[in-house]
Amino acid sequence: MTARLIDGKAVAARVRGAVADDVALFRDESGRAPGLATVLVGDDPASQVYVGNKIRACEEVGIRSIHHGLGDGTPQDELLEVVAELNGDDLVDGILVQVPLPDQIDQDEVIAAIDPAKDVDGLTATNAGLLAQGRPGLVPCTPQGVMELLRVADVEVEGAEAVIVGRSILVGRPLSALLTNASATVTVCHSRTRELGEVCSRADILVAAVGSPRMVRGNWVKPGAAVIDVGINRTEDGLVGDVDYAPAAERASAITPVPGGVGPMTIAMLLRNTLFAARARNRDSAGHAV
Ligand code: NAP
């Protein structure tokens, strides 16, 4: 069997197009554009590229972006003041503090300071708790992108055996909640998991979110499984995922490539989350649905 390619670039372009249409409707009805604030501390080149991409993507769909670039030595208090200011700004619907943050900053405290209604990364304990309880809230972008790819690729989630390799707050844990809420039977693996290959080979849906080039081997893939590769690893061969793509594609029924799979979905879902937050805030302040 040779797997169907799940084209994340094409799916993300469709999501961005739909968000642009809905942003235009929101502007007509509310008289303003949704706003996303990005906060970058320091001058890490990779983070600068990520934030730049997010700002450009906002502009393309009509979301207003507000950027705060802070120096590498910015103290915790100053960053918390910026977050508090953005929390209080009515024209800001989403706040994104780019990670990693410099050593002097307590990342958990900064995330906890973000108004959960503006937490478009879905990282606050409030949004994580809502997701764990299967209630509406802001869902982290990358796992939301994975669910969208499964949906578009017509992968049956209900009743499926899903295995996620990786238990981070950003990807593995929220994805396990999303898959559980969608009635999959979920196993979450990590660095202490025994017989990882054997566990993976049970999966109808296998998701790799580890950060280790090609560590998920082709022969761990159950024939006919859907394989989603979240990993982004820079190697001498260029950008590769966490899955050993060629042998995995021989056994899977559907698979995401790296690059061009999950990666483009993350920004598309950030735009969708910003619109979601803007609508919810507008509803709350106006007392009617927008
Ligand atoms: P992370 O926070 O470093 O978490 C990695 C997870 O993998 C941890 O749970 C770790 O287990 C587990 N792990 C490490 N080595 C393992 C092994 N040998 N066997 C089994 N599990 C192992 O990483 P992350 O933020 O979730 O990111 C994972 C990957 O996804 C990275 O390549 C990252 O660049 C990529 N990513 C992509 C996007 C995107 O937009 N496509 C977004 C976010 C992340 P322990 O918990 O036991 O340490």
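What you see is a predicted model, and the numbers here were worked out from it, not measured in a lab.

Peer 1: Pulling in residues and values, what's your account of the site of the ligand?
Peer 2: Every one of the 21 residues lining the ligand counts as a neighbour, but R167, S168, S191, I232 and T266 are closest to it. Residues that form the shell around the ligand fall into these classes: 10 nonpolar, 10 polar and one charged.

Peer 1: Go over the environment of E59 with me, naming the residues and quoting the values.
Peer 2: Counting through the fold element by element, E59 comes out in helix α2 (residues 45-61). Through-space distance from the C-alpha of E59 to that of S183 is 36 Å; in sequence the pair is 124 residues apart.

Peer 1: Residue-level account of the sheet that holds strand β11 (residues 254-255), with values.
Peer 2: Spatially, the six strands line up as an open sheet ordered β1-β11-β8-β7-β5-β6, and their pairing is parallel. Pairing within the sheet leaves two strands with one partner each, and these edge strands are β1 (4-5) and β6 (185-189). Two elements, strand β5 (residues 161-165) and strand β7 (residues 205-208), share four bridges in a ladder whose sense is parallel. Bridging across to β7, I164 finds its partner in V207.

Peer 1: I'd like a rundown of empty space enclosed by the protein, residues and numbers included.
Peer 2: Summed over all chains, the structure comprises one cavity of 30 Å³ or more. What lines the largest cavity is I95, L96, V97, V99, I111, I114, D119, D121 and L123. Among the elements that take part in the lining of the largest cavity, strand β4 (residues 94-97) stands out by supplying three residues, more than any other.

Peer 1: Which residues make up the environment of E156, and what values do they have?
Peer 2: Counting through the fold element by element, E156 comes out in the loop between α6 (141-152) and β5. E156 gets classed as exposed once you look at its relative accessible area, which sits at 59%. C-alpha separation for the pair E156 and L131, spaced 25 residues apart in sequence, amounts to 21 Å.

Peer 1: I'd like a description of unusual backbone geometry, backed by residues and values.
Peer 2: Here V99 and P100 are connected by a cis peptide whose omega angle stands at 5 degrees. Its location among the elements puts P100 in the loop between β4 and α4 (107-113). Cis peptide bonds are those with omega within 30 degrees of zero, and the linkage from V258 to P259 qualifies with 0 degrees. Relative to the elements of secondary structure, P259 occurs in the loop between β11 and α10 (263-286). For S183, which is not glycine, the phi dihedral falls at a positive 70 degrees. Mapped onto the elements, S183 comes out in the loop between α7 (172-181) and β6. A relative accessible area of 42% means that S183 is categorised as partly exposed. The phi dihedral of R214 falls on the positive side, at around 55 degrees, and the residue is not glycine.

About the thresholds
- Residues numbered from 1 in each chain as written.
- Predicted model: local features only at pLDDT ≥ 70, side-chain atom pairs only at ≥ 80, totals over all residues.
- Heavy atoms only, no water.
- Near = heavy atom within 4 Å.
- Nonpolar A, V, L, I, M, F, W, Y, C, P; charged D, E, K, R; others polar.
- Helix = DSSP H or I, 4+ residues; strand = E, 2+ residues; numbered from the N terminus.
- Pairing = 2+ DSSP bridges.
- 1 Å grid on protein atoms, 1.4 Å probe; cavity = no way out; pocket = protein on both sides within 12 Å on 5 of 7 lines; lining within 4 Å.
- Points joined across faces, edges and corners; volume = space filled by probe spheres on them.
- Buried < 20%, exposed > 50% of the residue type's maximum accessible area, 1.4 Å probe, protein only.

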